[in-house]
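A structural walkthrough
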Amino acid sequence: MDKMRVEGRIWKFGDDVDTDVIIPARYLNVSAEDELAKNCFADIRPEFATDVTAGDILVAGKNFGCGSSREHAPLAIKAAGVRVIIAESFARIFYRNAFNIGLPLLEAVEASKGLSDGERGVVDLADGRIEGVGGVFQAKPIPDFMAQLIAAGGLVEYVRTMKIGR
Amino acid sequence: MPMTITEKILAAHAGRDRVSPGELIEAKVDVALANDITAPLAIKVFGEIGVGKVFDTDRVVLVADHFVPNKDIASAEQVKFVREFAREQGLKNYFEGGQSGVEHVILPEKGLVLPGQLVIGADSHTCTYGALGAFSTGVGSTDLGAVMATGEIWLKVPPTISLRYEGSLRPHVGGKDLILHTIGLLGVEGALYCAMEFSGSVIRNLPMHQRFTMSNMAIEAGGKNGIIEPDETTLGYEAERTSERFEIFRSDPDADYDRVIDIDVSDIEPQVAFPHLPSNVRAVSQAGNVPIDQVVIGSCTNGWLDDLRDAARVLKGKKASAGLRLIIMPGSPLIYKMAMQEGILETFLEAGAVIGPPCCGPCLGGHMGVLASGERAVATTNRNFIGRMGHPESEVYLANPLVAAASAVLGRIGGPDEL
């Protein structure tokens with residue numbers, strides 16, 4: 001299987017989805033990923049955690065992941081099975097956090113508007129090509145440094161190899 | 001080449017003469033901060049990196065403030081894990097219990113963050129320390145774990161938005177209203193990835209605690225940091241708290257800004273952010289009749305002594321509306337003690353308030369004031385997202401301490417003029 005190819009159900013969200021709704025604070029008394037995944041979007045979309053399957057694609061509008069710095073948010077989404085998030089734009093801390101834990105993000109305004117909830121999508125992480133029922137879309141290239149982080153397997157591996165020399 | 005204060009601090013910490021927006025740099029970190037929610041993950045990451053010891057036992061600061069006093073067994077286990085790590089590592093600055101308080105209140109209070117420093121915290125409101133003229137920003141736990149191991153962080157140099165405030169402030173208007181108005185103007189992603197630099201005669205005349213309030217909420221406009229050049233007020237504040245030397249940076253007059261926004265404050269009324277975004281602001285006079293169930297005064301946004309003094313001025317000799325829960329949480333044990341000595345706590349108790357311990361409490365719907373479905377709260381906190389303070393069908397309205405206190409008496413959203 002091509003590691004850079006993602007195919008799955010699209011879960012569509014709107015603008016300004018904040019980390020409080022991604023994983024409400026009352027679930028932050030634990031940090032185990034599988035526990036966090038169970039409560040992902042608990043308040044605004046309770047069926048998400050049960051219906052999402054490995055390889056699914058999350059699509060959102062502007063400013064996805066705004067608010068709290070809780071890394072539990074991208075961790076919950078990743079552990080739930082989502083392989084890539086496509087949005088018009090991402091909040092800054094969420095953007096760092098996602099790449100740091102090896103969850104790729106694509107910025108793609110047209111795809112964000114053109115993809116619908118429930119349809120199947122195909123994403124090529126290598127070149128940012130996104131295919132849905134409504135057509136083919138192109139994401140902005142992933143910045144070089146972020147691509148390095150993803151290739152290294154996240155920030156921990158990056159720091160171990162590049163900074164500590166292990 | 002001229003630079004902004006943000007660029008100068010970043011350049012100095014990257015060992016460079018200059019930096020420009022968009023550049024990726026590796027910068028040395030002066031203070032690395034985490035709390036009881038974010039530290040456990042950061043410690044795990046630190047362990048995976050495998051260096052054994054933190055880069056500097058004086059510069060890694062851990063504060064138990066979110067779910068403390070421990071709200072349940074799982075929270076107690078998290079704090080225990082952080083406490084044991086702090087002990088093993090010999091960290092000089094681990095705070096819990098009576099030594100602790102809201103992290104962004106106690107760090108400045110203890111003189112642990114200084115002008116010109118580069119501060120990285122695994123908490124989004126780490127931007128608070130920009131008020132002291134530091135570069136200070138929030139990150140996630142993995143970034144913080146890497147900082148604890150290496151003392152460095154990669155950063156993209158942000159473009160700066162210059163926000164200049166001129167005019168005269170109307171009664172009952174302060175830093176909270178200025179920043180809410182600004183977020184309303186820019187939108188919740190209006191400053192995405194950008195440095196926000198607050199300046200102008202209004203900021204120069206703003207007391208330190210209101211500057212903290214403004215920098216604190218830079219993140220609510222998407223900002224990376226919210227910075228204010230140090231001046232006499234900053235130096236006076238630090239003189240009482242530290243004997244350490246620090247460097248003062250200032251923006252060059254011809255520095256290059258992404259945008260310059262001039263704000264005339266003369267027409268700004270006390271602001272209220274309606275659910276469910278901090279940008280959804282209205283003047284308090286335009287709030288309409290919104291009955292409320294709870295008022296919360298405190299947090300890293302408005303838990304300062306002067307905020308409590310403001311609330312006490314409004315509440316003196318009055319009672320919270322029947323059936324309304326008034327919860328007041330001083331930001332630190334020191335503030336608690338001073339409020340006690342000044343008789344402020346007595347005013348609160350006579351008004352029917354519950355006085356909570358210095359912690360984050362209900363701000364994030366953790367504990368000590370969680371809302372039921374359909375309930376509404378006015379809070380001096382920083383976020384009013386869906387479910388932020390409890391049930392997804394509850395509502396949070398953000399305001400300054402004067403408006404919050406007045407609303408507690410009125411039982412609906414309103415300003416001190418209505419009392």
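The rules behind each value
- Each chain carries its own residue numbering, running from 1 in the direction its sequence is written.
- Labels are handed out in written order, letters beginning with A for the chains and numbers beginning with 1 for the ligands.
- Totals for whole chains, interfaces and linings use every residue, but because this is a predicted model, local features are given only for residues with pLDDT of at least 70 and side-chain atom pairs only at 80 or more, for both listing and counting.
- Domain ranges listed in this record stem from an automatic or a database domain assignment.
- Any residue pair is listed as a contact if its two C-beta atoms, each placed from the backbone, are within 7 Å.
- Segments assigned H or I by DSSP are reported as helices when at least four residues long, segments assigned E as strands when at least two residues long, and all are numbered from the N terminus.
- Basically, the charged four are Asp, Glu, Lys and Arg, the nonpolar ten are Ala, Val, Leu, Ile, Met, Phe, Trp, Tyr, Cys and Pro, and anything else, Gly included, counts as polar.
- Counting other C-beta atoms within 10 Å of a residue's own tells you its class, since 20 or more makes it buried, 12 or fewer makes it exposed, and anything in between is partly exposed; those C-beta atoms are placed from the backbone.
- Any nonpolar core is a set of buried residues, restricted to Ala, Val, Leu, Ile, Met, Phe, Trp, Tyr and Cys, that join up through C-beta atoms within 7 Å.
- In this description, strands pair whenever DSSP reports at least two bridges between them.
- As a rule, the C-alpha atoms of each element are fitted with a line to give its axis, helices using only the stretch in contact, and angles between N-to-C directions run from 0 to 180 degrees.
- Helix span, as expected, comes to 1.5 Å for every residue beyond the first.
- By definition, pLDDT measures how confident the predictor is in each residue, and it falls between 0 and 100.
- Angles are sorted into four bins: roughly parallel if under 35 degrees, roughly antiparallel if over 145, roughly perpendicular if 65 to 115, and oblique for all others.
- When the near helix sits turned anticlockwise from the far one by under a right angle, the crossing is termed left-handed; a clockwise turn instead gives a right-handed crossing.

1. With respect to the domain arrangement of chain B
Residue and element names in this part refer to chain B. Considered domain by domain, chain B is made up of domain 1 (5-263) and domain 2 (272-418). Computed from C-alpha atoms alone, the centre-to-centre distance between domain 1 and domain 2 is 24 Å. Taken together, the contact between domain 1 and domain 2 spans 32 residues of the former and 30 residues of the latter. Those elements giving two or more residues to the side of domain 1 that touches domain 2 turn out to be α4 (103-109), α6 (175-186) and α8 (208-216). Looking at which element gives the most residues to the side of domain 1 that touches domain 2, the answer is α6, with 6 residues. A class-by-class count of the residues in the side of domain 1 that touches domain 2 yields 12 nonpolar, 14 polar and 6 charged.

2. Concerning helix α5 (residues 141-150) of chain B
Most of α5(B) is tucked away, with 9 of its 10 residues classed as buried. Of all the residues in α5(B), the buried ones are S141(B), T142(B), D143(B), L144(B), G145(B), A146(B), V147(B), M148(B) and A149(B).

3. Describing the interface of chain A and chain B
Of the residues lining the interface, 37 residues belong to chain A; the matching set on chain B comes to 43 residues. For the side of chain A that touches chain B, the secondary structure elements donating two or more residues are α1 (19-22), α5 (92-100) and α8 (155-164) of chain A. Among the elements that line the side of chain A that touches chain B, the one with the most residues is α8(A), at 6 residues. Looking at the side of chain A that touches chain B residue by residue, the classes come out as 15 nonpolar, 9 polar and 13 charged.

4. Remarks on the nonpolar core
Counting 201 residues, the largest nonpolar core has I85(A), I86(A) and V295(B) as the members making the most contacts within it. When residues of this core are assigned to domains, at least three map to each of domain 1 (5-263) and domain 2 (272-418) of chain B. Sequence-distant contacts of I86(A), defined by excluding residues within four places in its chain, comprise I57(A), V59(A), L106(A), A108(A), A111(A), S112(A), I130(A) and A139(A).

5. A look at the environment of T6(B)
All names here are of chain B. Position of T6 relative to the elements: it lies in helix α1 (residues 5-13). Remark: the alpha-carbon pair of T6 and G50, spanning 44 residues in sequence, is separated by 32 Å. Residues contacting T6, with those up to four places away along its chain left out, are F135, P158, T160, A195, E197, N225 and I227.

6. As for the sheet that holds strand β9 (residues 195-199) of chain B
Residue and element names in this part refer to chain B. Strand order in the open sheet formed by 4 strands is β10-β9-β8-β11, with parallel pairing between adjacent strands. What marks the edges here is a single partner per strand, and that holds for β10 (225-227) and β11 (259-264). The sheet shows a mean angle of 20° between the axes of neighbouring strands, taken without regard to direction. Here 3 bridges tie β9 to β10, and the two strands are oriented parallel to one another. Residue pairing across strands places E197 opposite I227, the latter belonging to β10.

7. Observations concerning α6(B)
All names here are of chain B. Between its terminal C-alpha atoms α6 stretches 16 Å, which fits the 16 Å expected from 12 residues at 1.5 Å a residue. The buried count for α6 comes to 10 of 12 residues, which makes it a mostly enclosed element. Every buried residue of α6 is listed here: G175, K176, D177, L178, I179, L180, H181, T182, I183 and L186. Downstream of α6 by a residue or two, G187 has a phi angle that is positive, lying close to 85°.

8. Overview of the pairing of strand β17 (residues 376-379) of chain B
Residue and element names in this part refer to chain B. Bridge analysis of strand β14 (residues 294-297) against β17 gives 3 bridges, and the strand direction is parallel. Across the sheet, the residue bridging to V296 is A379, located in β17. Relative to strand β18 (residues 395-398), β17 runs parallel, the two being bridged by 4 bridges. Across the sheet, the residue bridging to A377 is V396, located in β18.

9. What about the confidence of the model for chain B?
Reading predicted coordinates in detail is not appropriate for stretches of low pLDDT. For chain B, the average pLDDT comes to 98, and 100% of its residues sit at 70 or higher. Prediction confidence for the complex, expressed as pTM and ipTM, is 0.97 and 0.95 respectively.

10. Quick notes on the packing of α8(A) against helix α2 (residues 39-49) of chain B
In contact at an axis separation of 9 Å, α8(A) and α2(B) are set at 40° when each is read in the N-to-C sense. Classified by the angle between their axes, α8(A) and α2(B) sit oblique to one another. The two elements α8(A) and α2(B) meet at a crossing, and its hand is right-handed. Across the interface between the two elements, V156(A), V159(A), R160(A) and I164(A) from α8(A) touch V45(B), E48(B) and I49(B) from α2(B).

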